[in-house]
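Coordinate inspection notes
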Amino acid sequence: MLKKNLPNAITCANLFSGCIGIVFAFKGHLETTAYFVILSGIFDFFDGMVARLLNVKSAIGKDLDSLADMVSFGFLPGVIMFHLLKASDYSSEYLPYLGFIITVFSAIRLAKFNNDSRQTEDFIGLNTPMNTLFICSLPFIAHDYPQIISSSILLIAITAITSFLLVSEIKIFSLKFSNLSWAKNKIKFIFLILSAILIAFLQFAAIPFVLVLYIALSFLHFKGTTPDQKI
């Protein structure tokens, strides 16, 4: 019984962490929120790994994972963008609600993922955890470049671009490893190494560069294939 429910327990930890992150986000403590997003991301990574290792994957587990992700990587980034727009240079009581467009497109992204047989190994469209990490990095960048992050035009553009990427047909490689062979996982290893170097020097400010790197390397990884081909 414990073996069967362990992956679901880890998924619930993802959900619980996301809920706490949302509480801090509503209070405006966006930097604290980012750490709970990282914690949710760790749980999200390990629930699938544990399910595969124990061979206890189930339809309920898949649905629970999406529901947890909708909170931690769907609603939560919308709340962050809501606060960023609220503090932007354009004063309007309605503008901040545009941040929840990210939440809407995250829901569409997760629904597509659950029903798209092409995404069994990798992704088509930006995955919600990576998108959420990017949104979470913005408050940290605001410390050094407040005049940039306070721009309502930039924030709306980020909202529109990331929402598009979530439901796009762009192929994105997954960080799941079936083995540790360099030849078969070269792009993934390069991404992890370069990302680690960027984060070591820039901390959270490195995330936008990591996102660009992720998309660029995914393009190289899948060059010559189409979204209809099995990935």
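See above for the structure.
Overview of the structure. (Residues numbered from 1 in each chain as written. Predicted model: local features only at pLDDT ≥ 70, side-chain atom pairs only at ≥ 80, totals over all residues. Heavy atoms only, no water.)

With respect to the overall build of the protein
Looking only at helices and strands, the protein has nine helices and two strands in total. Starting at the N terminus, the α and β elements of the protein follow one another as α-α-α-α-β-α-α-α-β-α-α. The globule rule puts the C-alpha radius of gyration for 231 residues at 17 Å, and the 18 Å found for the protein is close to it. Split into buried and exposed, the 231 residues of the protein put 44% on the buried side. For the protein, the share of sequence-separated contacts (at least 6 apart) that also reach a separation of at least 24 residues comes to 74%. Element-wise, carbon and sulfur atoms account for 71% of the exposed surface of the protein, whose accessible area totals about 12,200 Å². Here the protein holds 17 positive side-chain charges and 14 negative ones, and the gap between their average locations is 10 Å. (Helix = DSSP H or I, 4+ residues; strand = E, 2+ residues; numbered from the N terminus. Rg over C-alpha atoms; globule rule 2.2 N^0.38 Å. Buried < 20%, exposed > 50% of the residue type's maximum accessible area, 1.4 Å probe, protein only. Contact = heavy atoms within 4.5 Å. Areas by Shrake-Rupley, 256 points an atom, 1.4 Å probe, with all protein chains shown as cover. Lys, Arg positive; Asp, Glu negative; His and termini not counted. Charge placed at Lys NZ, Arg CZ, Asp CG, Glu CD.)

Observations regarding the environment of Lys-171
Tracing the chain through its elements places Lys-171 in strand β2 (residues 171-172). With relative accessibility at 8%, the residue Lys-171 sits in the buried group. Each C-alpha atom, one on Lys-171 and one on Gly-48, is 20 Å from the other, the two residues being 123 residues apart in sequence.

A word on the packing of aromatic side chains
The way to describe two aromatic rings as a pair is by their centre distance and the angle between their planes. Throughout the structure, instances matching the rule amount to 13 aromatic pairs. With a centroid separation of 5.8 Å and 80° between ring planes, the pair formed by Phe-173 and Phe-191 is classed as edge-to-face. Note that Phe-173 is positioned in the loop between β2 and α8 (182-202) and Phe-191 in helix α8, a separation of 18 residues in sequence. Both residues of the pair, Phe-173 and Phe-191, belong to the buried class. These aromatic residues form a ring-pair network of at least three members: Phe-26, Phe-75, Phe-82, Tyr-97 and Phe-100. (Phe/Tyr/Trp six-rings, centres within 6.5 Å; stacked < 30°, edge-to-face > 60°.)

Some thoughts on a nonpolar patch on the surface
Judged by side-chain polarity, Trp-182, Ile-193, Leu-194, Ile-197, Phe-201, Leu-202 and Phe-209 come together as a nonpolar surface patch covering roughly 740 Å² of accessible area. With six residues, the single largest contributor to the nonpolar patch is α8. (Patch = residues over 30% accessible without salt bridge, like charges linked within 9 Å, V, L, I, M, F, W, Y side chains within 5 Å. Salt bridge = Lys/Arg side-chain N within 4 Å of Asp/Glu carboxyl O.)

Here's the deal with the packing of helix α3 (residues 59-86) against helix α4 (residues 101-114)
Their axes nearest at 8 Å, the elements α3 and α4 cross at an angle of 160°. Between α3 and α4, the angle is such that the two are roughly antiparallel. Like other packed secondary-structure pairs, α3 and α4 cross with a definite hand, here right-handed. In this structure, α3 contributes Lys-62, Asp-63, Ser-66, Asp-69, Met-70, Phe-73, Gly-74, Phe-75, Pro-77, Gly-78 and Met-81 to the contact, and α4 contributes Ile-102, Thr-103, Ser-106, Ala-107, Leu-110 and Asn-114. (Axes fitted to C-alpha atoms, helices over the stretch in contact; angles between N-to-C directions. Parallel < 35°, antiparallel > 145°, perpendicular 65-115°, else oblique. Left-handed = near helix turned anticlockwise from the far one by under 90°.)

With respect to the pattern of salt bridges
Applying the stated criterion to the full structure yields two salt bridges. A salt bridge links Glu-169 to Lys-112; the nearest nitrogen and oxygen atoms lie 3.9 Å apart. Here the residue Glu-169 occupies a position in the loop between α7 (152-167) and β2, and Lys-112 occupies one in helix α4, the gap between them amounting to 57 residues. Overall, Glu-169 belongs to the partly exposed group, its relative accessible area being 38%. Between Arg-118 and Glu-169 there is a salt bridge, with its nearest N and O atoms 3.2 Å apart. Of the two residues, Arg-118 is situated in the loop between α4 and β1 (123-124) and Glu-169 in the loop between α7 and β2; the sequence distance between them amounts to 51 residues. Put simply, Lys-112, Arg-118 and Glu-169 are held in one network by salt bridges that share partners.

Focus on the environment of Ile-149
With respect to the secondary-structure elements, Ile-149 resides in helix α6 (residues 146-149). Looking at Ile-149, the relative accessible area reads 5%, which means it is buried. In the structure, Ile-149 is positioned 54 residues away from Leu-95 in sequence and 15 Å away in space, judged by C-alpha atoms. Sequence-distant contacts of Ile-149, defined by excluding residues within four places in its chain, comprise Leu-84, Leu-138, Ile-141, Ala-142 and Leu-155.

So, unusual backbone geometry
In the Ramachandran plot, Gln-203 falls in the positive-phi region, its phi being about 55° despite a non-glycine side chain. Along the chain, Gln-203 falls in the loop between α8 and α9 (207-221).

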